[in-house]
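Chain by chain, the residues run as shown.
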Amino acid sequence: MPVHIRGLRQVVRLAAIAALSVAAAGAAHAQQKTDVIFSAGPTGGSWTPMAAAASQVVNKRYPELNVQVEPGAALVNMEKIRNDKADIGWSMTTVMSDAQKGEGQFAGKQTDKGLFVANFYPNVWQLVVPANSDIKSVKDLKGQPVALPSRGNTSLAAGWEYLLKVNGMTLNDLGAKSYGPVSSNAEAVKNRQAMAVGWFTVVPASFIMDMGSAMQVRVLGVTDEELAALRKLNPGFVPYTLKAGIYKDQGVTEAVQTFQSPTVLIASSKTSPDVIYKITKAIVEEREEFGNVTSVMKGVTASDMAENFDMPIHPGAEKYYREAGLLKK
């Protein structure tokens, strides 16, 4: 009888150990998370804090996802996704177009891995010169000293170089050139070391407000012919009009026709549709959070975020937009 009791106790003990092991395994499984690498932007811009806001929104709504933010930039992010080093990231429609066609900065590196997830806000091309100068068009910049974005920056590659190209010019046609961040570019014009500065950025642009505190400025617009030529080179360019009076204190009183390359969230085609579905749902339905990071996101609608500018869309994002009735076709 004692032997039987000892045997029974041993069975009970082994059963308890097995149950604990199963419970521990279940708990470990429940705690497993899917890591999502979010390649954001450089220091000082809005892309990094917006990525942080997006990660918080997604992680809170879907605890099984662990969105981790890393530094990046429009071209860098596409390159990282092309090389499977990021799952999602900020980019621009012009970068998407170049990558898919293997043109521009992606010549010889064609990729269809970077797919549209959501549209965020306009990145507007704004080319500024002193108002008291004789510079009225891009062609008037020939031989003039110009402050340019750093080499590799999207504003240089997709802004300056494309705009010069449709005017039959290259960077070599400009005069003395200095390269650097937008703040130093603006300072160079204020000090008359340069006669022009141009960047893709939000409206109103802080660099124009800064320049306008020291001088009256002129924003160079683009003609219908220039715009058509730009869109032929890269369909990622989208027409944009600066409203009259947006820079009236800086000397610009009339509306100015220019173009934009929208800030978009892209994802790797290798990233799970289920993961991207959840990310899309979270950022669209919690979009008001982004208005706390940058004012240009205030008032953005779900339909605005679903606008894909004819760019190929990630299956996970498409599933959400179709369920929400936000896709036009």
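This text follows the structure it describes.
Definitions and cut-offs
Residues numbered from 1 in each chain as written. Predicted model: local features only at pLDDT ≥ 70, side-chain atom pairs only at ≥ 80, totals over all residues. Heavy atoms only, no water. Helix = DSSP H or I, 4+ residues; strand = E, 2+ residues; numbered from the N terminus. Rg over C-alpha atoms; globule rule 2.2 N^0.38 Å. Buried < 20%, exposed > 50% of the residue type's maximum accessible area, 1.4 Å probe, protein only. Contact = heavy atoms within 4.5 Å. Areas by Shrake-Rupley, 256 points an atom, 1.4 Å probe, with all protein chains shown as cover. Lys, Arg positive; Asp, Glu negative; His and termini not counted. Charge placed at Lys NZ, Arg CZ, Asp CG, Glu CD. Core = buried A, V, L, I, M, F, W, Y, C linked by side-chain atoms within 4.5 Å. Axes fitted to C-alpha atoms, helices over the stretch in contact; angles between N-to-C directions. Parallel < 35°, antiparallel > 145°, perpendicular 65-115°, else oblique. Left-handed = near helix turned anticlockwise from the far one by under 90°. Nonpolar A, V, L, I, M, F, W, Y, C, P; charged D, E, K, R; others polar. Polar contact = N/O pair within 3.5 Å; in protein donor to acceptor, adjacent residues only side chain to side chain. Pairing = 2+ DSSP bridges.

**Examining the overall build of the chain**
Working step 1: Scanning the chain from N- to C-terminus turns up twelve helices and twelve strands.
Working step 2: The C-alpha atoms of the chain give a radius of gyration of 26 Å, which is well past the 20 Å a tight globule of 329 residues would have.
Working step 3: Taken along its principal axes, the extent of the C-alpha atoms in the chain is 110 × 35 × 35 Å.
Working step 4: Across the 329 residues in the chain, those meeting the buried criterion constitute 47%.
Working step 5: In the chain, of all internal contacts separated by at least 6 residues, the share reaching a separation of at least 24 is 75%.
Working step 6: Summing over all exposed atoms, the chain offers an accessible surface of approximately 15,700 Å²; the carbon and sulfur share of this is 52%.
Working step 7: In the chain, which carries 34 positive and 30 negative side-chain charges, the distance between the mean positions of the two groups comes to 6 Å.

**Some thoughts on the nonpolar core**
The tendency in soluble globular proteins is for nonpolar side chains to be buried side by side.
Working step 1: Counting residues in each nonpolar core, the largest one holds 80 residues, and the members touching the most others are Phe120, Trp160, Ile279, Ile283 and Tyr321.
Working step 2: If near-sequence neighbours (up to four positions away) are discounted, Phe120 is found in contact with Met50, Trp90, Thr263, Leu265, Ile283, Phe290, Met297, Val300 and Met305.
Working step 3: Formed by 21 residues, the second largest nonpolar core is a distinct cluster that contains Val128, Phe207, Met211 and Met215.

**Brief notes about the packing of helix α9 (residues 273-285) against helix α12 (residues 315-323)**
Working step 1: Where α9 contacts α12, the two axes come as close as 7 Å, and the packing angle between them is 50 degrees. Compared by their axis directions, α9 and α12 come out oblique. In this structure, α9 meets α12 at a crossing whose hand is right-handed. Contacts from Pro273, Ile276, Tyr277, Thr280, Lys281, Val284 and Glu285 of α9 reach α12 at Pro315, Gly316, Ala317, Lys319, Tyr320, Tyr321 and Glu323.
Working step 2: Here the residues of the contact of α9 with α12 are counted per class, giving eight nonpolar, two polar and four charged.

**A few points about the side chain of Thr93**
Working step 1: Residue position: Thr93 is located in helix α4 (residues 93-101).
Working step 2: The exposure class assigned to Thr93 is buried, which follows from its relative accessible area of 1%.
Working step 3: In terms of polar contacts, Thr93 uses its side chain to reach the backbone carbonyl oxygen of Gly236, at 2.6 Å.
Working step 4: Reaching out from Thr93, the side chain makes a polar contact with the side chain of Ser261 at a distance of 3.4 Å.
Working step 5: Not counting residues up to four positions away in its chain, the partners in contact with Thr93 are Asn234, Gly236, Ser261, Pro262, Val264, Phe309 and Met311.

**Description of the pairing of strand β11 (residues 256-260)**
Working step 1: In terms of residue burial, β11 counts as a mostly covered element, since four of its five residues are buried.
Working step 2: Here five bridges tie strand β10 (residues 238-242) to β11, and the two strands are oriented antiparallel to one another. Within β11, the residue paired with Pro239 across the bridge is Phe259.

**Notes on the sheet that holds strand β2 (residues 65-70)**
Working step 1: Across the sheet, which stays open at both edges, the five strands sit in the order β2-β1-β3-β12-β4 with mixed pairing between neighbours. Taken across any chain shown, the strands that pair with only one partner, and hence form the sheet edges, are β2 and β4 (114-121). Looking at each pair of strands side by side, their axes are set apart by 30 degrees on average, direction ignored.
Working step 2: Direction of pairing for strand β3 (residues 88-92) relative to strand β12 (residues 263-268): antiparallel, over a ladder of five bridges. Within the sheet, the bridge partner assigned to Gly89 lies in β12 and is Ile266.
Working step 3: Against the sheet, helix α2 (residues 47-61) touches β1 (34-39), β2, β3, β4 and β12, its axis set at about 170 degrees to β2.
Working step 4: On the sheet, α9 packs against β1, β2, β3, β4 and β12 and is oriented at approximately 5 degrees with respect to β4.

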